[in-house]
Amino acid sequence: MAVCIAVIAKEVCSYWAGTKACTPSTCGPAPYTFYLQVFGHFFFSPLFNQNYPLYIRSVPIQNELKFHYTVHTSLDVVEEKISAVGKAMADQRELYLGLLYPTEDYKVYGYVTNSKVKFVIVVDSSNTSLRDNEIRSMFRKLHNSFTDVMCNPFYNPGDTIQSKAFDSMVTAMMVQAS
Amino acid sequence: MSIPDYMQCAEDHQTVLVVVQPVGIVPEDEFFRIYKRIASVAQVSIRDSQRNLYIRYRHHYLPENNEWGDFQTHRKVVGLISVTTCGSAKEWPQTSDRFHSQKDVFGATLYDSRLLVFGLQGEIAEQQRTDVAFYSSYDVCPDVEKRVEDFVESIFIVLESKRLDRATDKSGDKIPLLCVPFEKKDFVGLDTDSRHYKKRCQGRMRKHVGDLCLQAGMLQDALVHYHMAVELLRSVNDFLWLGAALEGLCSASVIFHYPGGTAGKAAGRKPSLAQGQGQAADAGKRHRPGAQEVLIDPGALTANGISADTSSEIGRAKNCLRPEDIIEKYKEAISYYGKYKNAGVIELEACVKAVRVLAIQKRAMEASEFLQNAVYINLGQLSEEEKIQRYSILSELYDLIGFHRKSAFFKRVAAMQCVAPTIPEPGWRACYKLLLETLPGYSLCLDPKDFSKGTHRGWAAVQVRLLHELVYASRRMGNPGLSVRHLSFLLQTMLDLLSDQEKKEVTQSLENYTSKCPGGMEVITLPDGLKLPPVPLSKLPIVRSVKLLDLPVSLRPHKQKGLLENNMSTKSPFIYSPIIMHTRGEERNKKIEFRWVQGDVCEVQLMVYNPMPFELRVEHMGLLTSGVEFESLPAGLSLPAESGLYPVTLVGVPRTAGNINVNGYHTSVFGVTSDCLLEGLPSVRTSGCMVEVIPSLPRLQLSTSLPRSAHPLQHSKEELSSSVSVQLFNGETQQLTITLENIGSEDLETLEVTSKTCNTKEKLFGEFLSWDLEEAVSQLPLKPGQSVTLTVNIKVRLDFSGGENLLQDLNDDGISVTGLPSSSPLRQVLKPRAETKPLGSESSKTDYNHVKTLEAVMTFKYSGGAGKVEGYYRDLTLGVHVDVEPSVFFTRVSTLPATRTRQCHLLLDVFNSTEHELTVSANNNQDLVLHASECQRMAIQVAKFDFDTLPQPDQEAVRYTNPKLLEEERLHTQASMINSTLGITWNIPSVRRQGEASVEGVLNQLVLEHLQLAPLQWDVVVNGKPCDCDIIADCKVGDAVPLEVKLTNRSKNAVGPFALTVVPFQDYQNGVKNYDLQDAVTFIGSNTFNIDTVNPTEDSVCMGALLFLYTGDFYLNIKFQDDNAGQGNEVPPSWFGLPSIHIKALEAPIEAGA
């Protein structure tokens, strides 16, 4: 049974670029870092340094790259789904995005926090025990744990997550899922 | 039908297919030139009607696909244009045959055909044919387009007739059943008379007519027909055709809604696009109104032959699907297609078309579903090429709907497919090209500048993999230069993400590649125009800070004070502001205080470290500069694995003067040379990179006769070029020879020498360092290589005073020296001080063995050459460090009046603090031999000093200096005068050292006063002879002895009046003095002299006379009474240094005795 859980950083809000406007309130709890990021990257490479993985873990480990590809490509769908929701509705948006897309072997589920941090869970298609509700609760757990990570004053938003608590929670979730 | 046309889009349904093919031998490029010209006629406006005919050209079309022409008429080849070369009339029949055989390939479906013959010189015997055109060459064929247009028109006529024919024939004739190739066998033996069958025929025909209408430019009619076809076919469950009808409906609606087309410019599929750009908008305008015109104009309706029944059946406006419905219908159609395994291509193409429509509608999610579906459509065994094509088109479509990551994924799969192991000749070039296209999808830009900002964030695992693939592909392509560039990029940007093992592997392969093709800094331009910017390996090694170093102290140039221009360009209006205005960036450009000199080696210090887990060899590390011609002297270094910060000094020589800017550095690592510019490295700390280079100056090298001292001067804060040290006894003099050699390339023109004694607690007497520069200066200018010598005398004369606590045994009453009258008024002064100190304490003795140090800095200021013109000079400093060992001490000093009033004895307690026997001598005095640590008293008779003769300090100076200082100065000059008179020297024979001893520090105010001539000068003249203490005046008994007392006032105030009383007495030399001499001496006149007030510089003389009645030794004591006693301006008693007069009264000669 293969499972992969990934946390992906929020994309750099294109506040200044003016394409996808989002208010600062939806851009996360740290407006200062946010502005810095915008200044740092907007002029040079609007494409880069957004949506990069903060955390990615998968079992089995030997085929990790495949999961990287899967999660990476799933972001297209996530982005599409977020942007599809009307701007006015952004605040009431359901965080859980549901099944992003099924592949032959895996099902990819997505979840986006209000600060546009994305969670992606990839599970085996053959795993029928995981229904929508289970996935939903998994995401909720993940979100709670991620909030704890963010509450750590020594964690810089945007760094890769190295929290042991988060790690063990993910491990427990993977064991449960597989 | 097995090969899908991925380029298809919905509006292709309204086109007619024309195949353009070469016949016989036609040069490929010529053919495509002609093909392009033909293809430019993509849209033809038909005369006498509002309609347009769209043509799709193919130069290659499978006849197999043509068989599906009934199913969807745009798949049917209706026109054939053959291009051929025919050199002579002789070849013509053969060519003609070939043309006909080619026509037969598509024979059944062709409406019309044309043959374009090129290169024919002669005439053709055959009669003129409309379907053949002759051109003499490929270049001269001006009317090709015209001919194609005619051809298209003829196709239109056929099309129109077919349409009308099919549209109207429903009058009970048997409608033929149209079918697709794979269906044919299914209908064998079917009851052709059943209602079901008839309906099926009808439905299929309706659909066909719809297709024809669409092609003929009658959109509304097509819609109507499609609608009817859908109804008919749905009722008979003819799913394949139902799907086709639905798709037709969709296509027609799309054409209506999106006149601009759905293919998008990016696809670049239509050769006509080059010309179509301008037409697109134009066409759009034409389209919709055109369609409406059909609605409005009844005349046009009939003219175009729309049958009345269809138009009345369904309202036209409703016929067209709404944009949202289009997708629904597409979905339905695709689901119907999906029921047939053989219709995979149709299904796939429908998916592609639907996706294109959705892309226009910006409904990416649904589009992705269609694409997801398309991925799973099995088309049976695909060739590798088809697979590549399929993946690329998927990638393209994903890109179209904004799924860049997915697009990149498929592109990468396509790239991998290009070099699949099953392919006999892997297309590395194509693979590489495709991989490059995936870069944006993986958020990777090959410009390293984008990565210089902070830590790398991204899909590292994926990106590293992709870079590895790029490296591999470029290597297999046979372009090691590209591999090197990509590997350098990988190393530079992903270094933190690579494991140690990977780092090793990457660098190893990099070294392998660079052995074939060294990496450089040039931009690599790929054939398709992509530019690969150079990758400077700024992380191998990582530079933490760059610091420009000042020249060594001795070489630093200084600006002449007088020539200092006022270049204080103040950016701020404030003289001082606590707010630091400049940012980091400006700091980088900040000019550094110090200066470099042209022609001198200048240094820049870098702090570097090696992040690699192995030793890093950096070669040719040099500086990159601008502004000044700079000769960089590259260095090679080897950094140990994961070294800490390592200082590296890069050197170079500026060859011209001006402002130099250090922009960066240059390295060569693993065979890759890189120019790392500082502006691209924000992590590098620097305190400014701009330095002024001044014109060249001469350079002096200093060598001395004394050994160099290892330790720097203690008290000096400044840096010294060199220093010497020597050990001397106090009072000793040493000669120091300094050799200055010009080792530079400029002439030395000026030389100045100054010295400065460092602040020490020790009091120093006399000049410490003295020299004569005259000779040295006379040798200037000094050519390079020449040298000049200078002799400097080092003279140490520290305080010789020894304080009071030494050798108590000598502190006895010092008065008992020699024949001094105890009645002397000086006696009071010379009283020994109270002895309170502990006797002979050891600790106090050690104080005198204490070595003192004396330090001075000699500064040689020199200049010459071009730098001198600019007002610069150089300093060479020489520190002189002298350890002064004590030689002798004057532990105590006192005076005794000498026998003469103008003289006195100076008593010095001399202590030998050395470990050697020492001889002390003074001018006209005996040598005094002192053993180690011995103390003896020495008495020196000195004439009293008239300090008034000393030069008075300058009036100007007096005015401005502290009176206290002035007083000290005065004391000092007095002391030095005394010292020079004394000339006390010491000599240590055992070590052959000698020197002088100075009493300057020993003399105190009291002693000085005693040594000074009193301001009131008394001269006593007895018998016409000036008389003093030790002079015995002779006189005869009975003779009157004239006594003259003269007072000269040298003080500043008027003195007097005084009364002097002469008291004679006899000294018995046993302490008894006899004053009772009334009967032995008589005064002629008064024994008291009265002196009136004497004004300064005046004198006054009193005369008297004595008469000695007996022979004997008499003394005259002149006592003084101050009449002004109590008036304040008392004259100190010491001023009355009147000599006591010794008179020997002798027996008068016989003849005189009466």
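Residues numbered from 1 in each chain as written. Chains lettered and ligands numbered in written order. Predicted model: local features only at pLDDT ≥ 70, side-chain atom pairs only at ≥ 80, totals over all residues. Heavy atoms only, no water.

Per an unreviewed UniProt entry, chain B is named Trafficking protein particle complex subunit 9, and its organism is Hucho hucho. A UniProt comment under Subcellular location (unreviewed entry) is attached to chain B, and it reads "Golgi apparatus". (UniProt positions renumbered as here; feature names shortened; annotations may be inferred.)

As recorded in an unreviewed UniProt entry, chain A goes by the name Trafficking protein particle complex subunit 2-like protein, listed as coming from Hucho hucho. Under the UniProt heading Subcellular location (unreviewed entry), the note attached to chain A is "Cytoplasm, Perinuclear region". Turning to chain A, the UniProt annotation filed under Sequence similarities (unreviewed entry) states: "Belongs to the TRAPP small subunits family. Sedlin subfamily."

Below, the discussion takes up the overall build of chain A. The number of helices and strands found in chain A is four helices and five strands. Seen in sequence order, chain A has helices and strands lined up from the N terminus as β-α-β-α-β-β-β-α-α. A buried classification covers 51% of the 178 residues belonging to chain A. Residue pairs at least 24 apart in sequence account for 62% of intrachain contacts in chain A once pairs closer than 6 positions are excluded. Approximately 8,800 Å² of chain A is accessible, and the part contributed by carbon and sulfur atoms is 58%. (Helix = DSSP H or I, 4+ residues; strand = E, 2+ residues; numbered from the N terminus. Buried < 20%, exposed > 50% of the residue type's maximum accessible area, 1.4 Å probe, protein only. Contact = heavy atoms within 4.5 Å. Areas by Shrake-Rupley, 256 points an atom, 1.4 Å probe, with all protein chains shown as cover.)

Across its full length, chain B carries 28 helices and 46 strands. Expressed as a percentage of its 1154 residues, the buried residues of chain B come to 50%. Considering only intrachain contacts with a sequence separation of at least 6, the fraction spanning at least 24 residues in chain B is 76%. Of the roughly 54,300 Å² that chain B leaves accessible, carbon and sulfur atoms contribute 51%.

All names here are of chain B. Interaxial distance between helix 15 (residues 364-376) and helix 16 (residues 384-400) falls to 11 Å at its minimum, and their mutual angle equals 175°. In terms of orientation, helix 15 and helix 16 fall into the roughly antiparallel class. The residues of helix 16 that touch helix 15, namely those facing Ser-368, Leu-371, Gln-372, Ala-374, Val-375 and Tyr-376, are Arg-390, Leu-394, Leu-397 and Tyr-398. In terms of residue class, the contact of helix 15 with helix 16 is made up of seven nonpolar, two polar and one charged. (Axes fitted to C-alpha atoms, helices over the stretch in contact; angles between N-to-C directions. Parallel < 35°, antiparallel > 145°, perpendicular 65-115°, else oblique. Nonpolar A, V, L, I, M, F, W, Y, C, P; charged D, E, K, R; others polar.)

Turning to the confidence of the model for chain A, a few remarks are in order. All names here are of chain A. Counting all residues, the mean pLDDT for chain A is 70, and 71% of those residues have values of 70 or more. Across chain A, helix 3 (residues 132-151) holds the top mean pLDDT of 88, while helix 1 (residues 31-41) sits lowest at 27. Every residue in residues 13-49 is under pLDDT 50, and counting partners more than four places away or in other chains gives 48 contacts. (pLDDT = per-residue confidence, 0-100.)

This part takes up the packing of helix 13 (residues 323-337) of chain B against helix 15 of chain B. Residues and elements named next belong to chain B. At a minimum axis separation of 12 Å, helix 13 and helix 15 run at an interaxial angle of 10°. With respect to helix 15, the element helix 13 is oriented roughly parallel. Contact residues: Ile-327, Tyr-330, Lys-331 and Ile-334 in helix 13; Glu-366, Phe-370 and Asn-373 in helix 15. Looking at the contact of helix 13 with helix 15 residue by residue, the class counts come to four nonpolar, one polar and two charged.

The next subject is helix 18 (residues 428-438) of chain B. For helix 18 of chain B, the full list of buried residues reads Trp-428, Cys-431, Tyr-432, Leu-434, Leu-435, Leu-436 and Thr-438 of chain B. Where helix 18 of chain B is buried, its residues meet helix 17 (404-418), helix 19 (460-476), helix 20 (480-494) and strand 8 (531-532) of chain B.

Across all of its chains, the model carries 23 aromatic pairs over all chains by this definition. The interplanar angle of 75° and the centroid separation of 6.1 Å between the aromatic rings of Phe-32 of chain B and Tyr-35 of chain B together place this pair among those described as edge-to-face. In this pair, Phe-32 of chain B and Tyr-35 of chain B both sit in helix 1 (residues 28-39), three residues apart, roughly one turn of the helix. Given a relative accessible area of 31%, Phe-32 of chain B falls into the partly exposed group. You can call Tyr-35 of chain B buried: its relative accessible area is 8%. Pairing Trp-428 of chain B with Tyr-472 of chain B gives two aromatic rings, centres 5.4 Å apart and planes at 80°, and the pair type is edge-to-face. Taken as a pair, Trp-428 of chain B in helix 18 and Tyr-472 of chain B in helix 19 lie far apart in primary sequence, 44 residues in all. Residue classification places Trp-428 of chain B among the buried residues on the basis of a relative accessible area of 13%. These aromatic residues form a ring-pair network of at least three members: Tyr-69 of chain A together with Tyr-391, Tyr-398, Phe-403, Phe-409, Phe-410 and Tyr-442 of chain B. (Phe/Tyr/Trp six-rings, centres within 6.5 Å; stacked < 30°, edge-to-face > 60°.)

Contacts between the two partners involve 31 residues from chain A, matched on the other side by 26 residues from chain B. Note on chain A versus chain B: buried area summed over both sides is about 2,600 Å², and carbon and sulfur give 62% of it. Linking chain A with chain B are two salt bridges, by the criterion used here. Linking Arg-405 of chain B and Asp-76 of chain A is a salt bridge whose minimum nitrogen-to-oxygen distance equals 3.2 Å. Summed over the shared surface of chain A and chain B, the result is six residue pairs in polar contact (both at pLDDT 80 or more). Those elements giving two or more residues to the side of chain A that touches chain B turn out to be helix 1, strand 2 (53-59), helix 2 (64-84) and strand 3 (96-102) of chain A. (Buried area = accessible area lost by both parts, 1.4 Å probe. Salt bridge = Lys/Arg side-chain N within 4 Å of Asp/Glu carboxyl O. Polar contact = N/O pair within 3.5 Å; in protein donor to acceptor, adjacent residues only side chain to side chain.)

All names here are of chain B. Ordered in space as 29-30-33, the three strands form an open sheet in which the pairing is antiparallel. Each having just a single partner strand, strand 29 (888-897) and strand 33 (935-943) make up the two edges of the open sheet. Across the sheet, the axes of successive neighbouring strands diverge by a mean angle of 25°, strand direction being ignored. Taken together, the nine bridges between strand 29 and strand 30 (residues 903-912) define a ladder with antiparallel strand orientation. Pairing of Leu-896 across the sheet is with His-905, part of strand 30. (Pairing = 2+ DSSP bridges.)

Before going further, it helps to spend a moment on the environment of Val-857 of chain B. Residues and elements named next belong to chain B. Mapped onto the elements, Val-857 comes out in strand 27 (residues 852-863). The exposure class assigned to Val-857 is buried, which follows from its relative accessible area of 2%. Expressed as a C-alpha distance, the spacing of Val-857 and Thr-754, which sit 103 residues apart in the sequence, is 8.3 Å.

Further remarks concern the sheet that holds strand 5 (residues 112-118) of chain B. All names here are of chain B. Ordered by their spatial adjacency, six strands build an open sheet running 2-3-1-4-5-6, and the pairing between neighbours is mixed. Every interior strand has two partners, whereas the edge strands, strand 2 (43-45) and strand 6 (132-135), have only one. Between one strand axis and the next, the sheet turns by 25° as a mean value, whatever way the strands run. Alignment of strand 5 against strand 6, held across four bridges, turns out to be parallel. Within the sheet, the bridge partner assigned to Leu-115 lies in strand 6 and is Val-132.

Before going further, it helps to spend a moment on the pairing of strand 18 (residues 672-677) of chain B. Residues and elements named next belong to chain B. The two faces of strand 18 differ: Val-672, Ser-674 and Cys-676 on one face are buried, but Thr-673, Asp-675 and Leu-677 on the other face are not. The pairing of strand 17 (residues 658-669) with strand 18 spans six bridges and is antiparallel. Bridge pairing in strand 18 links Gly-664 to Leu-677. What sits between strand 17 and strand 18 in their antiparallel hairpin is a turn of two residues, with Phe-670 showing a positive phi close to 50°.

With that settled, the discussion passes to the pattern of salt bridges. Opposite charge on two side chains allows them to pair when their charged atoms are near. Applying the stated criterion across every chain, the model contains 34 salt bridges over all chains. Close ionic contact of Arg-75 of chain B with Glu-349 of chain B constitutes a salt bridge, the shortest N to O distance being 2.7 Å. In this pair, Arg-75 of chain B sits in the loop between helix 2 (63-66) and strand 4 (77-85) while Glu-349 of chain B sits in helix 14 (residues 344-361), placing the two residues 274 residues apart along the sequence. Classification of Glu-349 of chain B by relative accessible area gives buried; the value is 2%. For the salt bridge of Glu-324 of chain B with Arg-322 of chain B, the shortest nitrogen-to-oxygen distance reads 3.1 Å. Overall, Glu-324 of chain B belongs to the partly exposed group, its relative accessible area being 40%. Classification of Arg-322 of chain B by relative accessible area gives partly exposed; the value is 48%. Salt bridges sharing partners connect three or more residues here, namely Asp-76 and Glu-79 of chain A together with Arg-405 of chain B.

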